[in-house]
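# Examining the three-dimensional arrangement
Each chain, written out:
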Amino acid sequence: MMQQKYVSQIHRCFRCGYCKFPTDYSSFNCPPYRRFRFETYSTGGRLWLIYAWLKGEVEWSEHLAEILYTCTTCKNCTEQCPMKFAPDIVDWIVGARSDMVEKGRIPPRVARFFEAVYGYGNPLKLLRSDRAAWANGTKMYAPGDEYLLYVGCLGSYDENGQKMAKSLVDVFNAAGVSFGILGSGEECCGNEIYMLGEMGLFQTLVEKNSQKFKELGVKKIVTLCPHGYNAMKNRYPALGASFEVYHYTQLLNDLIKKNRVKPSPNKAKVTYQDPCFLGRYNQIYEEPRQVLRSIPGVELVEMEKNRADAFCCGGGGGNFIMDLLAGGEESPARVRVREAYETGANILAVACPSCLTMFSDAVKAEDLDGKLAVKDISQIVKKSLPAKK
(Lines give C-alpha, C1' and ligand atoms only; values in the text may rest on other atoms or scores of the structure.)
Protein backbone atom coordinates (compact mmCIF):
# COMPACT_ATOMS: atom_id res chain seq x y z
CA MET A 1 0.00 0.00 0.00
CA MET A 2 1.26 3.42 -0.99
CA GLN A 3 0.64 4.94 2.42
CA GLN A 4 2.55 2.42 4.49
CA LYS A 5 5.99 3.79 3.62
CA TYR A 6 4.99 7.09 5.23
CA VAL A 7 3.54 5.70 8.46
CA SER A 8 6.88 5.98 10.24
CA GLN A 9 7.16 9.65 9.22
CA ILE A 10 3.70 11.16 9.75
CA HIS A 11 4.08 11.30 13.53
CA ARG A 12 6.96 13.76 13.04
CA CYS A 13 4.36 16.50 12.44
CA PHE A 14 3.73 17.97 15.89
CA ARG A 15 1.06 20.44 14.71
CA CYS A 16 3.05 23.63 15.06
CA GLY A 17 0.38 25.19 12.83
CA TYR A 18 2.56 27.08 10.36
CA CYS A 19 0.89 25.12 7.52
CA LYS A 20 -2.31 27.13 7.99
CA PHE A 21 -0.80 30.53 7.25
CA PRO A 22 0.70 32.57 4.41
CA THR A 23 4.31 33.77 4.75
CA ASP A 24 3.40 36.85 6.83
CA TYR A 25 0.88 34.99 9.07
CA SER A 26 -1.65 37.71 8.27
CA SER A 27 -4.58 35.31 7.84
CA PHE A 28 -5.42 31.66 7.31
CA ASN A 29 -4.32 30.24 3.94
CA CYS A 30 -5.41 26.59 4.24
CA PRO A 31 -8.76 26.43 2.35
CA PRO A 32 -10.60 23.81 4.48
CA TYR A 33 -9.33 25.31 7.76
CA ARG A 34 -10.35 28.80 6.55
CA ARG A 35 -13.77 27.39 5.74
CA PHE A 36 -14.50 25.29 8.86
CA ARG A 37 -12.10 26.65 11.55
CA PHE A 38 -11.62 23.27 13.22
CA GLU A 39 -8.10 21.91 13.76
CA THR A 40 -9.08 18.60 12.17
CA TYR A 41 -9.46 20.44 8.84
CA SER A 42 -5.93 21.87 8.98
CA THR A 43 -3.02 19.95 7.51
CA GLY A 44 -1.56 19.15 10.93
CA GLY A 45 -4.89 17.93 12.30
CA ARG A 46 -5.52 15.90 9.15
CA LEU A 47 -2.10 14.20 9.43
CA TRP A 48 -2.76 13.26 13.06
CA LEU A 49 -6.12 11.77 12.07
CA ILE A 50 -4.43 9.76 9.30
CA TYR A 51 -1.82 8.48 11.76
CA ALA A 52 -4.45 7.51 14.31
CA TRP A 53 -6.49 5.71 11.62
CA LEU A 54 -3.45 3.82 10.33
CA LYS A 55 -2.53 2.79 13.89
CA GLY A 56 -6.07 1.59 14.56
CA GLU A 57 -6.66 4.22 17.24
CA VAL A 58 -9.74 5.65 15.46
CA GLU A 59 -12.28 3.81 13.34
CA TRP A 60 -12.97 4.75 9.74
CA SER A 61 -16.14 6.75 9.27
CA GLU A 62 -17.63 8.65 6.36
CA HIS A 63 -16.99 11.89 8.26
CA LEU A 64 -13.31 10.98 8.75
CA ALA A 65 -13.02 10.27 5.02
CA GLU A 66 -14.72 13.55 4.11
CA ILE A 67 -12.27 15.47 6.30
CA LEU A 68 -9.43 13.81 4.39
CA TYR A 69 -11.01 14.65 1.04
CA THR A 70 -11.70 18.32 1.86
CA CYS A 71 -8.00 18.99 1.28
CA THR A 72 -7.74 20.80 -2.06
CA THR A 73 -4.08 19.73 -2.45
CA CYS A 74 -3.26 23.42 -2.94
CA LYS A 75 0.23 22.88 -1.46
CA ASN A 76 0.20 25.97 0.77
CA CYS A 77 1.24 23.67 3.63
CA THR A 78 4.41 22.53 1.87
CA GLU A 79 5.37 26.18 1.28
CA GLN A 80 4.92 27.14 4.94
CA CYS A 81 5.97 24.01 6.87
CA PRO A 82 9.45 24.60 8.39
CA MET A 83 10.28 20.87 8.64
CA LYS A 84 12.45 18.83 6.25
CA PHE A 85 9.51 16.58 5.40
CA ALA A 86 7.50 19.52 4.01
CA PRO A 87 7.79 18.38 0.33
CA ASP A 88 6.20 15.03 1.29
CA ILE A 89 3.03 16.31 2.99
CA VAL A 90 0.70 16.21 -0.02
CA ASP A 91 2.07 12.76 -0.91
CA TRP A 92 1.11 11.56 2.58
CA ILE A 93 -2.45 12.82 2.13
CA VAL A 94 -2.71 11.32 -1.36
CA GLY A 95 -1.27 8.08 0.01
CA ALA A 96 -3.90 7.89 2.76
CA ARG A 97 -6.60 8.50 0.17
CA SER A 98 -5.13 5.69 -1.92
CA ASP A 99 -5.39 3.39 1.09
CA MET A 100 -9.06 4.32 1.53
CA VAL A 101 -9.70 3.67 -2.18
CA GLU A 102 -8.06 0.22 -1.92
CA LYS A 103 -10.23 -0.59 1.11
CA GLY A 104 -13.37 0.71 -0.63
CA ARG A 105 -13.91 3.22 2.19
CA ILE A 106 -14.48 6.53 0.38
CA PRO A 107 -17.23 9.17 0.61
CA PRO A 108 -20.15 8.77 -1.86
CA ARG A 109 -19.27 11.99 -3.70
CA VAL A 110 -15.73 10.72 -4.33
CA ALA A 111 -17.10 7.38 -5.53
CA ARG A 112 -19.42 9.17 -7.97
CA PHE A 113 -16.46 11.20 -9.27
CA PHE A 114 -14.57 7.97 -10.05
CA GLU A 115 -17.64 6.30 -11.59
CA ALA A 116 -18.18 9.26 -13.94
CA VAL A 117 -14.59 9.18 -15.18
CA TYR A 118 -14.71 5.37 -15.52
CA GLY A 119 -17.95 5.45 -17.50
CA TYR A 120 -17.83 8.70 -19.41
CA GLY A 121 -14.17 9.79 -19.49
CA ASN A 122 -15.01 12.97 -17.55
CA PRO A 123 -16.13 13.79 -13.98
CA LEU A 124 -19.22 15.69 -15.14
CA LYS A 125 -20.85 12.48 -16.43
CA LEU A 126 -21.49 13.96 -19.87
CA LEU A 127 -21.42 12.12 -23.18
CA ARG A 128 -18.06 11.45 -24.81
CA SER A 129 -19.62 12.31 -28.18
CA ASP A 130 -20.32 15.85 -26.91
CA ARG A 131 -16.72 16.52 -25.88
CA ALA A 132 -16.07 18.71 -28.92
CA ALA A 133 -19.54 20.32 -29.10
CA TRP A 134 -17.90 23.65 -28.23
CA ALA A 135 -15.27 23.44 -30.98
CA ASN A 136 -17.31 24.81 -33.92
CA GLY A 137 -15.01 23.66 -36.70
CA THR A 138 -11.72 23.81 -34.79
CA LYS A 139 -9.21 21.68 -36.66
CA MET A 140 -8.57 18.14 -35.41
CA TYR A 141 -4.93 17.33 -34.70
CA ALA A 142 -3.12 15.67 -37.59
CA PRO A 143 0.48 14.48 -37.93
CA GLY A 144 2.62 17.47 -38.87
CA ASP A 145 0.83 19.95 -36.60
CA GLU A 146 3.28 21.55 -34.19
CA TYR A 147 1.04 21.47 -31.11
CA LEU A 148 -1.76 19.35 -29.75
CA LEU A 149 -4.12 21.63 -27.82
CA TYR A 150 -5.25 19.46 -24.89
CA VAL A 151 -8.54 21.05 -23.83
CA GLY A 152 -9.39 18.95 -20.74
CA CYS A 153 -12.73 18.10 -19.14
CA LEU A 154 -13.79 21.56 -17.94
CA GLY A 155 -12.68 23.20 -21.20
CA SER A 156 -14.73 20.64 -23.11
CA TYR A 157 -17.92 20.59 -21.08
CA ASP A 158 -18.19 23.47 -18.60
CA GLU A 159 -19.77 26.66 -19.96
CA ASN A 160 -17.00 28.90 -18.60
CA GLY A 161 -14.26 26.48 -19.66
CA GLN A 162 -15.70 26.37 -23.18
CA LYS A 163 -15.49 30.18 -23.37
CA MET A 164 -11.81 29.89 -22.40
CA ALA A 165 -11.18 27.25 -25.06
CA LYS A 166 -12.90 29.28 -27.79
CA SER A 167 -10.93 32.42 -26.92
CA LEU A 168 -7.62 30.56 -26.93
CA VAL A 169 -8.40 28.93 -30.28
CA ASP A 170 -9.18 32.37 -31.74
CA VAL A 171 -5.90 33.80 -30.41
CA PHE A 172 -3.87 30.85 -31.71
CA ASN A 173 -5.54 31.14 -35.12
CA ALA A 174 -4.81 34.88 -35.23
CA ALA A 175 -1.14 34.13 -34.43
CA GLY A 176 -0.89 31.42 -37.09
CA VAL A 177 -0.10 28.65 -34.57
CA SER A 178 -0.01 25.15 -36.08
CA PHE A 179 -2.27 23.13 -33.79
CA GLY A 180 -5.24 20.79 -33.56
CA ILE A 181 -7.46 19.20 -30.90
CA LEU A 182 -8.50 15.61 -30.23
CA GLY A 183 -12.23 16.32 -29.92
CA SER A 184 -14.18 13.25 -28.79
CA GLY A 185 -10.92 11.25 -28.85
CA GLU A 186 -9.63 13.12 -25.80
CA GLU A 187 -9.58 11.40 -22.37
CA CYS A 188 -9.52 12.96 -18.89
CA CYS A 189 -5.94 13.96 -17.95
CA GLY A 190 -6.28 12.17 -14.60
CA ASN A 191 -4.77 14.87 -12.38
CA GLU A 192 -7.70 14.88 -9.94
CA ILE A 193 -7.95 11.09 -10.12
CA TYR A 194 -4.34 10.90 -8.90
CA MET A 195 -4.90 13.48 -6.17
CA LEU A 196 -8.00 11.57 -5.00
CA GLY A 197 -5.93 8.38 -4.72
CA GLU A 198 -7.32 6.13 -7.48
CA MET A 199 -3.95 5.00 -8.85
CA GLY A 200 -5.28 2.18 -11.04
CA LEU A 201 -7.64 4.48 -12.93
CA PHE A 202 -4.93 7.12 -13.18
CA GLN A 203 -2.55 4.66 -14.81
CA THR A 204 -5.28 3.58 -17.25
CA LEU A 205 -5.90 7.21 -18.28
CA VAL A 206 -2.18 7.86 -18.73
CA GLU A 207 -1.83 4.76 -20.91
CA LYS A 208 -4.85 5.70 -23.06
CA ASN A 209 -3.69 9.27 -23.57
CA SER A 210 -0.07 8.30 -24.15
CA GLN A 211 -1.07 5.68 -26.73
CA LYS A 212 -3.22 8.25 -28.56
CA PHE A 213 -0.40 10.79 -28.56
CA LYS A 214 2.05 8.16 -29.82
CA GLU A 215 -0.25 7.02 -32.65
CA LEU A 216 -0.63 10.61 -33.85
CA GLY A 217 3.07 11.42 -33.50
CA VAL A 218 2.43 14.21 -30.97
CA LYS A 219 5.67 15.90 -29.86
CA LYS A 220 4.39 19.09 -28.22
CA ILE A 221 1.27 19.55 -26.07
CA VAL A 222 -0.17 22.85 -24.90
CA THR A 223 -2.80 22.56 -22.16
CA LEU A 224 -5.71 24.87 -21.42
CA CYS A 225 -5.74 23.82 -17.76
CA PRO A 226 -2.96 23.90 -15.13
CA HIS A 227 -4.24 20.60 -13.71
CA GLY A 228 -3.62 18.80 -17.03
CA TYR A 229 -0.28 20.57 -17.36
CA ASN A 230 0.78 19.33 -13.92
CA ALA A 231 -0.20 15.72 -14.58
CA MET A 232 1.49 15.58 -17.97
CA LYS A 233 4.58 17.45 -16.81
CA ASN A 234 5.18 15.65 -13.51
CA ARG A 235 3.31 12.30 -13.56
CA TYR A 236 3.17 11.02 -17.14
CA PRO A 237 6.96 10.65 -17.69
CA ALA A 238 7.24 8.13 -14.82
CA LEU A 239 4.75 5.95 -16.71
CA GLY A 240 6.69 6.08 -19.98
CA ALA A 241 5.20 9.12 -21.74
CA SER A 242 7.58 11.33 -23.71
CA PHE A 243 6.61 14.73 -25.11
CA GLU A 244 7.07 18.43 -24.41
CA VAL A 245 4.25 20.08 -22.50
CA TYR A 246 3.41 23.75 -22.00
CA HIS A 247 0.65 25.67 -20.30
CA TYR A 248 -1.01 28.04 -22.73
CA THR A 249 0.20 31.16 -20.90
CA GLN A 250 3.80 30.08 -21.59
CA LEU A 251 3.11 29.77 -25.32
CA LEU A 252 1.10 32.99 -25.36
CA ASN A 253 3.94 34.88 -23.70
CA ASP A 254 6.36 33.51 -26.28
CA LEU A 255 4.05 34.51 -29.16
CA ILE A 256 3.84 38.07 -27.80
CA LYS A 257 7.63 38.30 -27.45
CA LYS A 258 7.96 37.23 -31.09
CA ASN A 259 5.33 39.81 -32.18
CA ARG A 260 3.04 37.08 -33.48
CA VAL A 261 0.41 38.41 -31.08
CA LYS A 262 0.25 42.22 -30.92
CA PRO A 263 -2.27 43.40 -28.30
CA SER A 264 -3.90 46.78 -28.90
CA PRO A 265 -4.87 49.16 -26.07
CA ASN A 266 -7.42 47.78 -23.62
CA LYS A 267 -7.81 49.98 -20.55
CA ALA A 268 -8.48 47.89 -17.44
CA LYS A 269 -7.34 47.48 -13.83
CA VAL A 270 -6.56 43.80 -13.39
CA THR A 271 -5.53 41.53 -10.52
CA TYR A 272 -4.34 38.00 -11.13
CA GLN A 273 -5.06 34.69 -9.35
CA ASP A 274 -2.12 32.25 -9.33
CA PRO A 275 -3.57 28.76 -9.97
CA CYS A 276 -2.10 26.25 -7.49
CA PHE A 277 -1.08 23.75 -10.17
CA LEU A 278 0.63 26.46 -12.20
CA GLY A 279 2.24 28.39 -9.33
CA ARG A 280 3.11 26.33 -6.27
CA TYR A 281 3.36 23.04 -8.21
CA ASN A 282 5.34 24.31 -11.20
CA GLN A 283 6.68 27.77 -10.27
CA ILE A 284 5.06 29.46 -13.26
CA TYR A 285 4.38 32.88 -11.78
CA GLU A 286 5.75 35.43 -14.22
CA GLU A 287 4.60 34.34 -17.69
CA PRO A 288 0.89 35.04 -17.04
CA ARG A 289 1.80 38.44 -15.56
CA GLN A 290 4.05 39.24 -18.53
CA VAL A 291 1.13 38.51 -20.89
CA LEU A 292 -1.12 40.89 -18.95
CA ARG A 293 1.56 43.61 -18.77
CA SER A 294 2.07 43.37 -22.55
CA ILE A 295 -1.43 44.75 -23.15
CA PRO A 296 -1.31 48.56 -23.43
CA GLY A 297 -3.68 50.15 -20.93
CA VAL A 298 -3.77 47.22 -18.51
CA GLU A 299 -2.77 48.13 -14.94
CA LEU A 300 -1.80 45.00 -13.04
CA VAL A 301 -2.30 45.21 -9.27
CA GLU A 302 -1.49 42.42 -6.85
CA MET A 303 -3.65 40.95 -4.14
CA GLU A 304 -1.92 40.93 -0.75
CA LYS A 305 -1.48 37.15 -1.02
CA ASN A 306 0.07 36.29 -4.37
CA ARG A 307 2.47 33.87 -6.04
CA ALA A 308 3.50 31.18 -3.47
CA ASP A 309 1.15 32.80 -0.91
CA ALA A 310 -1.89 32.85 -3.21
CA PHE A 311 -5.13 31.61 -1.66
CA CYS A 312 -6.66 28.61 -3.49
CA CYS A 313 -10.07 29.03 -5.17
CA GLY A 314 -11.22 25.90 -3.33
CA GLY A 315 -11.77 23.84 -6.47
CA GLY A 316 -8.66 21.63 -6.33
CA GLY A 317 -8.67 17.93 -5.49
CA GLY A 318 -11.93 17.47 -7.39
CA ASN A 319 -13.82 19.93 -5.19
CA PHE A 320 -14.93 21.92 -8.24
CA ILE A 321 -17.30 18.98 -8.76
CA MET A 322 -17.70 17.37 -5.32
CA ASP A 323 -17.99 20.64 -3.36
CA LEU A 324 -17.00 19.11 -0.02
CA LEU A 325 -16.09 22.61 1.21
CA ALA A 326 -19.68 23.73 0.56
CA GLY A 327 -20.69 27.36 0.07
CA GLY A 328 -21.20 30.17 2.52
CA GLU A 329 -19.40 33.44 3.16
CA GLU A 330 -16.23 31.67 4.32
CA SER A 331 -15.91 29.45 1.25
CA PRO A 332 -12.45 29.94 -0.29
CA ALA A 333 -13.79 31.32 -3.58
CA ARG A 334 -15.91 33.98 -1.84
CA VAL A 335 -13.04 34.96 0.45
CA ARG A 336 -10.75 35.30 -2.55
CA VAL A 337 -13.09 37.44 -4.69
CA ARG A 338 -13.46 39.81 -1.73
CA GLU A 339 -9.66 40.07 -1.60
CA ALA A 340 -9.60 40.72 -5.36
CA TYR A 341 -12.27 43.42 -5.08
CA GLU A 342 -10.32 45.16 -2.28
CA THR A 343 -7.47 45.84 -4.75
CA GLY A 344 -9.73 48.17 -6.73
CA ALA A 345 -9.42 45.98 -9.82
CA ASN A 346 -12.38 45.65 -12.15
CA ILE A 347 -11.14 42.35 -13.61
CA LEU A 348 -9.99 39.23 -11.75
CA ALA A 349 -7.79 37.45 -14.30
CA VAL A 350 -7.39 33.68 -14.12
CA ALA A 351 -5.51 31.03 -16.09
CA CYS A 352 -7.48 27.94 -15.05
CA PRO A 353 -11.03 26.81 -15.92
CA SER A 354 -11.60 25.63 -12.34
CA CYS A 355 -10.73 29.09 -10.96
CA LEU A 356 -12.92 30.69 -13.64
CA THR A 357 -15.99 28.71 -12.62
CA MET A 358 -15.40 28.93 -8.86
CA PHE A 359 -14.89 32.71 -8.94
CA SER A 360 -17.72 33.39 -11.40
CA ASP A 361 -20.14 31.74 -8.96
CA ALA A 362 -18.53 33.54 -5.99
CA VAL A 363 -18.89 36.98 -7.62
CA LYS A 364 -22.63 36.39 -7.94
CA ALA A 365 -22.87 35.17 -4.33
CA GLU A 366 -20.99 38.29 -3.15
CA ASP A 367 -23.30 40.54 -5.21
CA LEU A 368 -20.30 41.90 -7.14
CA ASP A 369 -21.83 41.47 -10.61
CA GLY A 370 -21.00 44.58 -12.64
CA LYS A 371 -18.22 45.54 -10.20
CA LEU A 372 -15.71 42.69 -10.64
CA ALA A 373 -15.55 40.62 -13.83
CA VAL A 374 -13.80 37.24 -13.85
CA LYS A 375 -11.92 36.70 -17.12
CA ASP A 376 -9.44 34.16 -18.34
CA ILE A 377 -6.20 35.63 -19.71
CA SER A 378 -7.03 34.25 -23.16
CA GLN A 379 -10.30 36.21 -23.09
CA ILE A 380 -8.49 39.42 -22.12
CA VAL A 381 -5.92 38.93 -24.88
CA LYS A 382 -8.58 38.14 -27.46
CA LYS A 383 -10.43 41.35 -26.61
CA SER A 384 -7.21 43.29 -27.19
CA LEU A 385 -6.59 41.85 -30.66
CA PRO A 386 -7.10 44.30 -33.54
CA ALA A 387 -10.50 43.91 -35.19
CA LYS A 388 -10.53 41.91 -38.41
CA LYS A 389 -10.84 44.04 -41.53
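Attention in this report is confined to the structure presented alongside it. (Residues numbered from 1 in each chain as written. Predicted model: local features only at pLDDT ≥ 70, side-chain atom pairs only at ≥ 80, totals over all residues. Heavy atoms only, no water.)

This part is about the overall build of the protein. The secondary structure content of the protein amounts to 18 helices and eight strands. Computed over its C-alpha atoms, the radius of gyration of the protein comes to 20 Å, within 12% of the 21 Å expected for a compact globule of 389 residues. With respect to the three principal axes, the spread of C-alpha positions in the protein is 70 × 50 × 35 Å. Per-residue burial for the protein yields a buried fraction of 59% across its 389 residues. In the protein, the share of contacts with a sequence separation of at least 24, taken over all contacts with a separation of at least 6, comes to 77%. Total accessible area on the protein stands at roughly 16000 Å², and carbon and sulfur atoms take up 49% of it. Mean positive and mean negative side-chain charge positions of the protein (50 and 43 charges, respectively) differ by 4 Å. (Helix = DSSP H or I, 4+ residues; strand = E, 2+ residues; numbered from the N terminus. Rg over C-alpha atoms; globule rule 2.2 N^0.38 Å. Buried < 20%, exposed > 50% of the residue type's maximum accessible area, 1.4 Å probe, protein only. Contact = heavy atoms within 4.5 Å. Areas by Shrake-Rupley, 256 points an atom, 1.4 Å probe, with all protein chains shown as cover. Lys, Arg positive; Asp, Glu negative; His and termini not counted. Charge placed at Lys NZ, Arg CZ, Asp CG, Glu CD.)

The sheet built from four strands is open, its strands ordered E2-E1-E3-E4 with parallel pairing. Strand pairing shows two members of the sheet lacking a second neighbour, strand E2 (179–180) and strand E4 (244–247), which therefore form its edges. Together, strand E1 (147–150), strand E3 (220–223) and E4 form the strand contacts of helix H13 (residues 248–257), whose direction differs from that of E4 by roughly 80 degrees. (Pairing = 2+ DSSP bridges. Axes fitted to C-alpha atoms, helices over the stretch in contact; angles between N-to-C directions.)

Turning to its location among the elements, Leu251 is positioned in helix H13. Along the sequence, Leu251 and Thr223 sit 28 residues apart, while their C-alpha atoms lie 9.8 Å from each other. If sequence neighbours within four positions are ignored, Leu251 has contacts with Tyr147, Phe172 and Val222.

Side chains three or four residues apart in an α-helix point the same way, a direct result of the helix having 3.6 residues per turn. Counting buried positions along helix H16 (residues 332–342) yields eight of 11 residues, so the element is predominantly enclosed. When H16 is considered as a whole, its buried residues turn out to be Pro332, Ala333, Arg334, Val335, Arg336, Val337, Glu339 and Ala340. Buried residues in H16 make contact with helix H2 (31–36), strand E5 (268–272), strand E7 (347–350) and helix H17 (353–365). One or two steps after H16, the chain reaches Gly344, where phi turns positive at roughly 90 degrees.

A word on the packing of H13 against helix H14 (residues 286–293). The axes of two packed helices give the description: the angle between them and the distance between them. Following both chains from N to C, one finds H13 and H14 inclined at 45 degrees, their axes separated by 8 Å at the closest point. One way to sum up the angle between H13 and H14 is to call them oblique. When the axes of H13 and H14 are compared, the crossing they make is left-handed. Residues Thr249, Gln250, Leu252, Asn253, Ile256 and Lys257 of H13 touch H14, and the partners they reach there are Glu287, Pro288, Gln290 and Val291. For the contact of H13 with H14, the residue count by class is four nonpolar, four polar and two charged. (Parallel < 35°, antiparallel > 145°, perpendicular 65-115°, else oblique. Left-handed = near helix turned anticlockwise from the far one by under 90°. Nonpolar A, V, L, I, M, F, W, Y, C, P; charged D, E, K, R; others polar.)

What follows is about the packing of aromatic side chains. Inspection of the entire model under this criterion finds 13 aromatic pairs. Judged by centre distance (6.3 Å) and plane angle (80 degrees), the rings of Tyr147 and Tyr246 are edge-to-face. Pair noted here: Tyr147 is in strand E1 and Tyr246 is in strand E4, with a separation of 99 residues, a long-range link. Given a relative accessible area of 9%, Tyr147 falls into the buried group. (Phe/Tyr/Trp six-rings, centres within 6.5 Å; stacked < 30°, edge-to-face > 60°.)

On inspection of all chains with the given rule, the structure shows seven cavities of 30 Å³ or more. Surrounding the largest cavity, 22 residues form its lining, Cys153, Cys189, Cys225, His227 and Phe320 being those nearest its centre. Where the lining of the largest cavity is concerned, the elements lending two or more residues are helix H8 (152–157), helix H10 (191–195), helix H12 (226–234) and H17. At four residues, the largest contribution of residues to the lining of the largest cavity is made by H8. Taken together, the residues that form the lining of the largest cavity break down as 13 nonpolar, eight polar and one charged. (1 Å grid on protein atoms, 1.4 Å probe; cavity = no way out; pocket = protein on both sides within 12 Å on 5 of 7 lines; lining within 4 Å. Points joined across faces, edges and corners; volume = space filled by probe spheres on them.)

Once that is clear, we can look at H12. Counting buried residues along H12, seven of its nine residues qualify, which places the element largely inside the surrounding structure. Along H12, the positions that sit buried rather than exposed are Pro226, His227, Gly228, Tyr229, Asn230, Ala231 and Met232.

What follows concerns the pairing of E5. Within E5, four of the five residues are buried, leaving the element largely enclosed by the surrounding structure. As paired strands, E5 and strand E6 (residues 298–301) are joined by four bridges and run parallel to one another. Among the inter-strand pairings, Ala268 is bridged to a residue of E6, identified as Val298. Remark: the E5/H14/E6 crossover connection has right-handed handedness. As paired elements, E5 and E7 share three bridges and run parallel to each other. Its bridge partner being in E7, Val270 is matched across the sheet by Ile347. (Right-handed = clockwise from strand over helix to strand, strands pointing away.)

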